[in-house]
Every structure is written in structure tokens, then in C-alpha cells.
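Tertiary structure, described
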2 protein chains.
Amino acid sequence: MADINSPLEIGVTTGPIRGSKKVHVGAKSGSGIQVAMREIQLEGGEDPVRVYDTSGPYTDPEATIDIQAGLPQLRREWIMARGDVEEYDAREVKPEDNGQPQGGSGPDRSGGVPAFQNVVKRPLRAKPGKNVSQMHYARQGIITPEMEYVAERENLGRDYIRGKIVEGESWGAEIPEYVTPEFVRDELARGRAIIPNNINHPESEPMAIGRNFLVKINANIGNSAVASDVASEVDKMVWSIRWGADTVMDLSTGRNIHDTREWIIRNSPVPIGTVPIYQALEKVGGVAEDLTWEVFRDTLIEQAEQGVDYFTIHAGVRLPYVPMAAKRVTGIVSRGGSIMAKWCLAHHKESFLYEHFDDITEIMKTYDIAYSLGDGLRPGSIADANDEAQFSELYTLGELTHRAWKDDVQVMIEGPGHVPMHKIKENMTKQLEVCGEAPFYTLGPLVTDIAPGYDHITSGIGAAQIGWYGTAMLCYVTPKEHLGLPDRDDVKVGVVTYKLAAHAADLAKGHPAAQVRDDALSKARFEFRWRDQFNLSLDPDTAEEFHDQTLPAEGAKTAHFCSMCGPKFCSMKISQEVRDFASKQNQSPEGFIASEKLGADTAEASKQAALKGMEEMSKLYKEKGEQLYLPEDEVG
Amino acid sequence: MADINSPLEIGVTTGPIRGSKKVHVGAKSGSGIQVAMREIQLEGGEDPVRVYDTSGPYTDPEATIDIQAGLPQLRREWIMARGDVEEYDAREVKPEDNGQPQGGSGPDRSGGVPAFQNVVKRPLRAKPGKNVSQMHYARQGIITPEMEYVAERENLGRDYIRGKIVEGESWGAEIPEYVTPEFVRDELARGRAIIPNNINHPESEPMAIGRNFLVKINANIGNSAVASDVASEVDKMVWSIRWGADTVMDLSTGRNIHDTREWIIRNSPVPIGTVPIYQALEKVGGVAEDLTWEVFRDTLIEQAEQGVDYFTIHAGVRLPYVPMAAKRVTGIVSRGGSIMAKWCLAHHKESFLYEHFDDITEIMKTYDIAYSLGDGLRPGSIADANDEAQFSELYTLGELTHRAWKDDVQVMIEGPGHVPMHKIKENMTKQLEVCGEAPFYTLGPLVTDIAPGYDHITSGIGAAQIGWYGTAMLCYVTPKEHLGLPDRDDVKVGVVTYKLAAHAADLAKGHPAAQVRDDALSKARFEFRWRDQFNLSLDPDTAEEFHDQTLPAEGAKTAHFCSMCGPKFCSMKISQEVRDFASKQNQSPEGFIASEKLGADTAEASKQAALKGMEEMSKLYKEKGEQLYLPEDEVG
């Protein structure tokens, strides 16, 4: 893994993931659109396996990476070709955008990070009266290059399994056997999927979020008032997409927010989301009561011009709901939610986000920014799950979804939080109902509160389930959740954990191609192709490292046994002998063909015997007047 | 944490888990039985929280730990008092018991580990014609001290929540609000729960496995042909119960199996399970075909006298089922299953385990050993889940369950394996049906194959779900699964992961007291009682370590903020201000009481608006002949 170091000392990990190479697949339409994928090479004459690739040019040895310059603008041409945008002079960057005191007086809080050199001075916006959202195009029947790109990308693996029967319980999702650009367009048009891609973020590779597409995951990065800096945030962004983050949220709350974001967006091939209220609060010195619509609006424009692809807007935290949350065990745990609650109380006024929702929508459609309607009242503990405050807000988010759709603006809905397993499904069902199937984007949920340090797991359990039920994107949780800021290793563990949860959800939903990778890996495992087993896994480096801790010898990677049982006891080995033996037997008229038939009978006989036994027990139980303590001789 | 080192250099971790102390609670019956529990001390005048304690004397500062001597014999008196057992001369230990070539010739494979000094020379067995199983006593209406111990232990926390309404979806389980000794007896009598405790393992603290009790977890240890030794296995046993393992399986397959097991059992306060076929195979030089009923029977007696509490017996792997498995992607992945399959094929005979099942049952009732009917044909990949081979075996296990119950022998059933989420429930439903609600004991299941290195998580996701559906005990999986042998750290990660999965299942089932700990931890979190948050967690050491990585200062542990948001942005802090503000408001007739009422109305209005919006969309969709691409002016 080569490291590229800029004068700014921003080092990011580049080079292919082991055992695989970057491939570019031309869209079936012949439009010339090239879709990036990762191809895992296998041994023993096995076909390579193509997997969804979020890593962008960083894993492409052909690509030149220059953090100072930013990524190539893949989508620029497509955007310009539509003829509905115009360049204009960007808003002036103000000292407070970077957390400097207004007017620039007082101590320097920039952290010595220079502005991105290649910054866009002439951003794009929709021409007057135009709407540049992908939803708007879709509703006019237009298939954009972005939609084509997504269709090709989502079809991955479907060629392998043509005609194969796929099982699954999709809970009402409508996953197609094959994804056409028309299907993508229809899903966007009806609001069931979104393609978050601000016209000012042309570096992004289009991806879709919707319950009829692969389940996606988001990784959070961002500096805070107490720690981390721009270099490590850019590095974390590249690191998180290397392992599979489909989108990245920059949740910076510290100094230098504006410049940090610029570095991240210019170098990100995945959509970037933010929570604009964080920066707005910084601008008013952290005093929630001092927030105004004007400051917030100005922040939206600032971030829109930089190219943020989706905004978390906590417009569902309405004045009347606040007291409901005050009754809780853990009150309001959403930062944005608590900021707005405090504002509402201090002024005893309805939320300015709710009041100005249509004004926000105007901005969204001017840049094609997607709403991520924030769940400011999500439960922060098992005790608060599915309560009045949470669902009251959800209903309001449903109302706002339809308001946004009237203007063809893309919407997804954020969800909890902390929810015990038996209450997870209700979240999904209500969300689908009141939000008209707009994509659900949940944090976890965590299924218990008692495992700080392991909350990537407590939340991964909930994430796999809610993903199965229909959540379109899962927001990752790292082992540091509730305790501290994730470092590089935490980010990787969080991403891989969520990747496996999302994949488990795809399998359970019956995604036609999801099982291709499981089957390839299991076949490799059974055939002792150790390297293939490592390379097909979500984290080849860790898999090989763990293997080598017990059997370091290079020979062990071709050995037909492993450290668990050793050569003599290897069940896989024995079972291959069994297979050979059985197949030989099958060649004779009697032997196994006969006993296979017998097998079904034997199983059926066993089942009947078992059920009969159970009957007897319960009969005995009833006969004896449901007494269980009987004299010995009466119990068979 | 003090370390006690024996001449043999067996060091184990002792001393209390941070923030908590060992307490002994007298059984309500007044019988004088003392039940060990762990009490977590809290700050700020909060009541201490009692939690289930599997760690035995090792966390009790009062106890003297001497690995050479073994643990005190808690149950010896209870066993003798029943007057139905007799002492006799133990079977002579043979060289092959420790993997020495028959007759002791050839190279020494003992690994230089001396036999346990305090070895039992006069084990116990049932007097002729007697049956000493807990199920047998239960069916005669006898409440044993073991049952009383279990009742008290399982009641933990129920006193906190008397009268509180507990929600949950138990899928037909019958969890009582309060556990009486009579309830324990009835569950044992009908086979719905077991208390695995061989009369030759009097050191064990009684525990129950059944769907109406707390979900339990098992940790696997054991040396292998390629690695590990007795000292590290004893250490792993003590380490795993420290973090919550309810039972431990010794899966040793290497040299010195007999002596390793003696060290483990004499020092274990939790039930020990084994797979006797492993040792039997060692005795015949690893050649499956050479196994005989006589060698196997002799091994059962050997292990019965040592005090093994439950035996995994793969009696469901019948000759006719073998070809079904041969068709699979990963064949037979169970070691015991593949050994028996090979034997059946080689001799083209029905399994001697199946043929001699009643003879095995005779041994079980003579020592009160519980059956753990092995799933030798469990699926080893997503592709093989819920197939003919797996369910054929399950039906046979159901048949055998009822056969064992006729002799009042305790039974649990082992389950898969690798199963995608949508196929998990069927496993539980079928098992309950054909095995008459005998406790289900599953490995995972893993919900995807593509994450080696993270299989504690892929399996933890499946384990939480199947535990919720009714599985009584979850067999842990470590990060090393499929790759190597778990070390001490892997064992801890596996145990904590399964502990949180089991707890999530208890919460979802509606266990009356499960939420007590979640609520206490969340309250501590909300009130910034950092130490309480650490101490209430499953792994206080890791929780504090992660916190300190970002904010090492001692002061940060009392700070009213954390590293995620810093002081200014802390949502918990803001939300406490919100709470104070709201409560003030509530004192005036208008203000929040009014707006709370308004809240419900607002929420209802939002919901109606949302649903109406959705209707309009789908109406529009239909009107336009399900075309989604409409001229701009037609879309609102």
C-alpha cells in the first residue's frame, strides 16, 4: 500500500485491495459510461468474482492521486450537457466559516490548515425556474447518465445467477431480477430511491439509496472541538471508502470546518452528507438561542456551493414535542435535535427549520441536494424506544417528505437509535407508511445499552435486522460509540461490521446476486484455497493475519487442513473423502441411490416418532391432571 | 488482578471485576443455600445493581484459590444426602487416555503435564436400579437443592421490577414473573429445561438451560493437535467464566486429553461439556473406521467418572443421510459428524451411536449427564442452510429426545451453523415441534459467509435472533473462527459478544428483569456518571480504556461532556437544560401542559398529512396509467 504525501502531509492509503483489481464496465446502453468495479481473482481456474466498489480511484494503480488537486470531475460533462445550470461567483468565505470569531479578531482557531488550493470559485446552480434534482428528471421520463451508472453498478453479479431461483423474505420490497435504467428512473420518480449528488460535487460516482437496491452503509468522520485535524479526516474518508463506506458524513464541530470540508469533498468519490446546524451553531458562538434563519440559510448556501450531497435537517423537532422528550430516561441524544429543542424553548416558538421548510427546499432543488430528514428525537436508550416523542417526530417527517416531493426534491428519513429487537419492525412499518416508502436511513439500532466498547456489535445486530425489513442505508457505529472519537482502526472495524450486516440483509431480502460471494468463499473454504478465502472476505488482511497467528508457515496456506482440528481431524477433509466414497457408491444400482431413498423414509419415520413422543408426553401430562411429579412407575 | 501461580505455572486471573463485589444471597426457602451473585456499586446514592455471576470463587477475595487442589465441593453434601449413590474404584487411567500409543510404547506425547494430584480415585455412581438425574427427581415431585439454587439465581433483578409492565415478544415461551423452585422442577420434569451437573462434578454451581430462563452462553476451549497446552486451557476456562460463560466445552483433540480435562473440571464452577468421540478417535489412532462401540463406551465411562456434565453425541448422523450431505457446497463441517459419516460409509452400517443409544442413556442416568444431541449435519455455508440433510438429522434427534426422556435423562439439542436471517426462524420452529421443546443450543448461526475475522459478529447477529425466538443456550464464536485457534483475547471478545447477544434476546423476549441493567447504565450515561457507565457495562476495562484514549484526564471522568461533542455541543447536557426548562414551564397552567396536549394533535395532524400525501402520490401514479415520467406541469 503506497502512501502519497502532500506538502500538507495528508497521507492516504492507495493501491488495490489484495487479490483484486479495478475494472471498468461499459454500460449496456453503449452510452460509453464506464462503471468502476472490483474484481477478485481466484485460483484453481475459478471465475473471478466482481464486487461493488466504493473506493474510487484510490485503488486504481492507473490513477494519479493528488490530494492537492482533488479527484477528476467524472460528472461535470453530464451536468453541463443538460443545459439547465449556470456558473456564478461563489459566496465569500467568512472568518466564522472556519470558526474564527466574527470579524477575524481574537485568537486564530484555524489550526494552521491552509484553504484547499483548487477551490471552486465559480460554483454551479440551477438557472432561474429550473430544478436540477434527479427526481425531477426522473419524473419527466429522462434517464440521466447518473441513472445509467447506478443501474450498471447495481446489476453486479446478476449475470452469474440468471435463472437461478433466489429465496428470501423481502417484506414487500420489489427487487428486480435485473436492474434497468428505466427501473432506476421509476424508483427515483416515486421517491422510493435517491441518488445524492450535488451538481457542485462532480467528483462523485453515482450511487442509489433505496430499499429495492443493495443496502448501503454510511461512515461518519469529522473533527471535534476537542480532537482531530483535517489531514486525519481526509485520511479517514479515503480509508472508510476503501473498506466499503457508500457515503460519508462530515460531522465536524471544531475549528476550520469550512476548509476541512473542502478538502474532503474535492477528494471524495462518494456522496458527502453534513448536519449544517453544527456549523451554524459555531457561527453564533455555540449559543443555540442565538441561531437565526438567516445564519442557517447562509450556511446552507455555503455548503451547497462546496458540493455537499445531502443535508441532515432536523425540521421534525417541533415545539410541542419537546416536553415529551423531557420525560425520557435519556432525553434528547441527537445533537441537532437538542440544539433545536433548546432554541424552541428559549423563544417558545415553532422551529425555524419547520417554518422555513419550503425555503430550504428551494435551495435543495437549485443544487440537487437530498434531504436527510433528521430524527432529532430518536431514543437514546432501550427505555425510550418507540415512544410518543419519537413517533410524533416521524409523523412530521412524513408530512415534510410529501412537501419536498411536491417540488421534486429527493428525500431520505433518518431513524433510531436504541431499540430492543421486538420493537425494530414497528419502526420500519411506520416509516414506510407515513413517509411513502422514502428511503429509511438508520443509526444501528442498538439492541441493548449494556455493552459500551462493543456498540458496533450491539448496533450491527439491529442494523442487519432493520436492513432486512427495508432500511436502505445503515449508518455505522464504531467500537468507540458513547466513549470517544474513532481512530483509523475503529473506522475500519465499524465499516466492515456494517458491510457484513448490510450483506446479511441483502441475503435475507433475497437479493438475486448477493449469495454469489458467499458461495465462492465457502467453496474456496471447502477446497482449502486459503488465499481465495482471504481475498473473498470483506477484510482480507485481517483474515490472513488471524490465520497466520496459529499457522504462520507459508505452506499452511496450501495445506489441506487448518489449526482448528489439525490434519487428522479435519472435518472438511473427512467430508471430502465421504463425498468421493458416496459418489463411487452412487455408480452402483444399490448402495447410495437406494439408501438415499431410504433416507427420506427414515427421516419421515423419525419425525413421526418424535411427534408421537411429544404427544404422549403432553397426553400423560394432561391425564395426570397436569401434575408433573408422578410416582416413578407411572412415567414410562 | 492478582495472579496465582502453581508449581505447574498455571496462572489464572482472580479478584473482583472492577466496581463490583461478590455477594451470597440466601434462598427464600430458608434452606440455608447461598447463591453467589455480583453486585455493582454505583455513585450518587444509586442502588447497587445485582447481576448474574458465572465467575465462581475466582472473583471472591474471601476465597482461597488453589489450582492444585481444585475448588470446594459445593454440591457433595446435597448429592450424598439423597442416598442413591455409591462410591466405587475408578477405572484405571490408560496410556491411550492421554494420547499415548497403546501399551505406552513409542514417543511420549504427554507434553510433560503431570496428572492432577487431587484426582478422584473413588467416583460416585447411582446405586443399582437408581436414576440420579435432576429430571428424574423432578418427575417425582422432588425439589433438589440444585433446583432451589437455580430459582434464586434466575430471579435476579425481579425484585426491582415488581408490578412494572414488561413488554416483549416471547414467541410462545412462558417466562414467569417470579421463578419458584416449583417452576424449575416443572420445567425439568417436562424436559423444557436441564440442569447439567454430573454427580462427579460437585464443584459446579447449579444453572439451568431452558427457553423460560435467562439465555445462556457456552465458551469452547481445548488444545489441538497443533497447539496449546493444559496451563493455557485452564487459564482460558477461568478467563471465559470471568466474562460470563455459563458453561464451557473442552474440545481437546491433542495429546494429554485425559489430564487436561481433569485439571479443567476440578477447577470449574460451571458445567463442562465434551464431545467424547474426539477422544475415542484419538484412542484408535485417528482412524474413524477403527472406532468401536467398546472403545466409545469405555471413553464415556472415563469421562463420566471425571465429572463431565454433558456429552455431545452425534447419534443423528445416520447412514441414509450421508449421501444427502455429500451433495452440499461444504459437505459435513461438524468434526463429530464427519467422523461418524466416515464410519458409516466404511462399514456401510448404521451408526453405532444410534444403535447403542439406549446403552448410552443407561450411562447418562447413572451419573446425571445431560445429552447434547449433536448436529453433525449442520450447514457449513449459507448455501447449505435448512437442507434435507440438516432437517433429516433434526427429526432423528427429536426421536432420540423422546427415547431419552422415557428414562428421565436430560436432553438439549444442538443447532446450526450458517443460516441466512430469513431461514433462522424455521430452525427454531421445527426444533420446538419435533423435540418437544427440549432446550435448543445453537452455534451462531452465522448470517453470512463473507466475513472471516469477524465471525463473532456474523454469528452474534444470528445468535441474538435465534435466542429471541427461543434458543436456550448460544455457543460462542470467536474472531478466529474458520482461521485459527482463539487466544485469551479472542475468548474474551467471543464471550462478551455472546453475552450481549443473549441479553438482547432476553430483552426482546420480555424477560421481566433484563432491562434493569440497561436502564441503570443509560441513567448513568445521561447523568455523566462515567465510572458507573463503565462498571455497569459487560466489559468495564475496555469501556474505560476507550474513553481514556480520547480524554485521558482523570477529570474527564466527572466531566459533564465527552469527546464526541465537547462541552459546548453536548446533546445530553443541552437536553438536561431542556428538561429543567420544560419542568419549570409545567408549573404554569399554560405553557407546556398546553403544548403537550397540542403535541398529540400536531403529531396526529402530521400523520394525516403524511398519509394523505402518500395517497395523492399513488393516486397520481395510477391516474397517469402508472407512468412516472410526466410533463412537469402535471406533477404538483
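Residues numbered from 1 in each chain as written. Chains lettered and ligands numbered in written order. Predicted model: local features only at pLDDT ≥ 70, side-chain atom pairs only at ≥ 80, totals over all residues. Heavy atoms only, no water.

We now examine the relation of the copies chain A and chain B. When chain A is fitted to chain B, the best match, at an RMSD of 0.0 Å, comes from turning it 180 degrees and sliding it 0.0 Å along the axis. What the rotation and shift describe, once combined, is the action of a two-fold rotation axis. Relative to the rotation axis, the C-alpha of Ile-461 of chain A is the closest in chain A, positioned 2.3 Å from it. Take the interface residues of chain A: 99% of them recur as interface residues in chain B, which is what a same-surface contact looks like. (Least-squares fit on C-alpha atoms with pLDDT ≥ 70 in both. Contact = heavy atoms within 4.5 Å.)

A word on the pairing of strand 15 (residues 411–415) of chain B. A regular strand carries its side chains on alternate faces of the sheet. All names here are of chain B. Taking burial as the measure, the 5 residues of strand 15 include 5 buried ones, the bulk of the element. Of the two faces of strand 15, the one holding Val-411, Ile-413 and Gly-415 and the one holding Met-412 and Glu-414 are both buried throughout. Pairing of strand 14 (residues 370–373) with strand 15, which is carried by 3 bridges, proceeds in the parallel orientation. Looking across to strand 15, one finds that Tyr-371 is bridged to Val-411. For the handedness criterion, the β-α-β arrangement of strand 14, helix 13 (residues 388–406) and strand 15 is classed as right-handed. Relative to strand 16 (residues 440–443), strand 15 runs parallel, the two sharing 3 bridges. Opposite Ile-413, over in strand 16, you have Phe-440 as the bridge partner. (Buried < 20%, exposed > 50% of the residue type's maximum accessible area, 1.4 Å probe, protein only. Helix = DSSP H or I, 4+ residues; strand = E, 2+ residues; numbered from the N terminus. Pairing = 2+ DSSP bridges. Right-handed = clockwise from strand over helix to strand, strands pointing away.)

Okay, the environment of Gly-141 of chain A next. Residues and elements named next belong to chain A. As for its position among the elements, Gly-141 is in the loop between helix 2 (134–139) and helix 3 (145–154). Judged by its relative accessible area of 22%, Gly-141 is partly exposed. Along the chain, Gly-141 and Thr-247 lie 106 residues apart, while their C-alpha atoms are 27 Å from each other.

Another aspect to go through is the UniProt feature "binding site: Zn(2+)" (unreviewed entry) in chain A. The feature "binding site: Zn(2+)" (unreviewed entry), as given by UniProt, occupies His-418 and His-482 of chain A in the numbering adopted here. Separation in sequence by 65 residues is not matched in space for these annotated residues, since their most distant C-alpha atoms are only 12.2 Å apart. Take His-418 of chain A: it is sitting in the loop between strand 15 (411–415) and helix 14 (424–434). Those residues in contact with His-418 of chain A, other than ones at most four positions away along the chain, are Pro-379, Gly-380, Ser-381, Ile-382, Ala-385, Leu-446, Asp-449 and His-482 of chain A together with Arg-525 of chain B. Side-chain polar atoms of His-418 of chain A contact the backbone oxygen of Gly-380 of chain A, separated by 3.4 Å. When its relative accessible area of 13% is taken as the criterion, His-482 of chain A is described as buried. (UniProt positions renumbered as here; feature names shortened; annotations may be inferred. Polar contact = N/O pair within 3.5 Å; in protein donor to acceptor, adjacent residues only side chain to side chain.)

Next up on the list: the interface of chain A and chain B. Across the contact, 165 residues belong to chain A and 164 residues belong to chain B. For the chain A and chain B pair, buried surface summed over both sides reaches about 13,700 Å², with 68% attributable to carbon and sulfur atoms. The interface formed by chain A and chain B contains 4 salt bridges. Here Lys-406 of chain A ties to Glu-616 of chain B by a salt bridge, and the two come within 3.6 Å at their closest N and O atoms. Among the elements that take part in the side of chain A that touches chain B, helix 22 (residues 592–623) of chain A stands out by supplying 18 residues, more than any other. (Buried area = accessible area lost by both parts, 1.4 Å probe. Salt bridge = Lys/Arg side-chain N within 4 Å of Asp/Glu carboxyl O.)

To continue, consider helix 8 (residues 293–306) of chain B. All names here are of chain B. Its 14 residues place the ends of helix 8 20 Å apart at the C-alpha level, agreeing with the 20 Å of an ideal helix rising 1.5 Å per residue. Within helix 8, 10 of the 14 residues are buried, which leaves the element mostly enclosed by the surrounding structure. Trp-293, Phe-296, Thr-299, Leu-300, Ile-301, Glu-302, Gln-303, Ala-304, Glu-305 and Gln-306 are the residues of helix 8 that are buried. Buried residues along helix 8 sit against helix 6 (257–266), strand 12 (272–274), helix 7 (276–283), strand 13 (310–313), helix 11 (352–355) and helix 12 (357–367). Following helix 8 by one or two positions, Gly-307 has its phi on the positive side, about 115 degrees. (Expected span 1.5 Å × (residues − 1).)

Below, the discussion takes up the sheet that holds strand 17 (residues 473–475) of chain B. Strand pairing in a sheet relies on backbone hydrogen bonds. The paired strands run either parallel or antiparallel. All names here are of chain B. The 8 strands lie next to each other as 10-11-12-13-14-15-16-17, forming a closed barrel whose pairing is parallel. Across the sheet, the mean angle from the axis of one strand to that of its neighbour is 25 degrees, orientation sign disregarded. Sheet topology places strand 10 (residues 216–221) next to strand 11 (residues 247–250); 4 bridges connect them, and they run parallel. Residue pairing across strands places Asn-220 opposite Met-249, the latter belonging to strand 11. (Axes fitted to C-alpha atoms, helices over the stretch in contact; angles between N-to-C directions.)

The next thing to look at is the packing of aromatic side chains. One pass over the structure, following the stated rule, counts 26 aromatic pairs over all chains. The interplanar angle of 80 degrees and the centroid separation of 5.5 Å between the aromatic rings of Trp-171 of chain B and Tyr-469 of chain B together place this pair among those described as edge-to-face. Residue Trp-171 of chain B is located in the loop between helix 3 (145–154) and helix 4 (181–189), and its partner Tyr-469 of chain B is located in helix 15 (residues 455–469); the two are separated by 298 residues in the primary sequence. With a centroid separation of 6.2 Å and an interplanar angle of 90 degrees, the aromatic rings of Tyr-310 of chain B and Tyr-441 of chain B are classed as edge-to-face. Of this pair, Tyr-310 of chain B sits in strand 13 while Tyr-441 of chain B is found in strand 16, placing the two residues 131 residues apart along the sequence. Take Tyr-310 of chain B and Tyr-441 of chain B: they sit in the same class, and that class is buried. Here the aromatic residues Trp-293, Phe-296, Trp-343 and Phe-352 of chain A are joined through ring pairs into a cluster of three or more. Against the face of Trp-243 of chain A rests Arg-242 of chain A, its NZ or CZ located 5.7 Å from the ring centre. In this structure, Arg-335 of chain A packs its charged tip against the face of Tyr-278 of chain A, placed 4.4 Å from the ring centre. (Phe/Tyr/Trp six-rings, centres within 6.5 Å; stacked < 30°, edge-to-face > 60°. Lys NZ or Arg CZ within 6 Å of the ring centre and 35° of its normal.)

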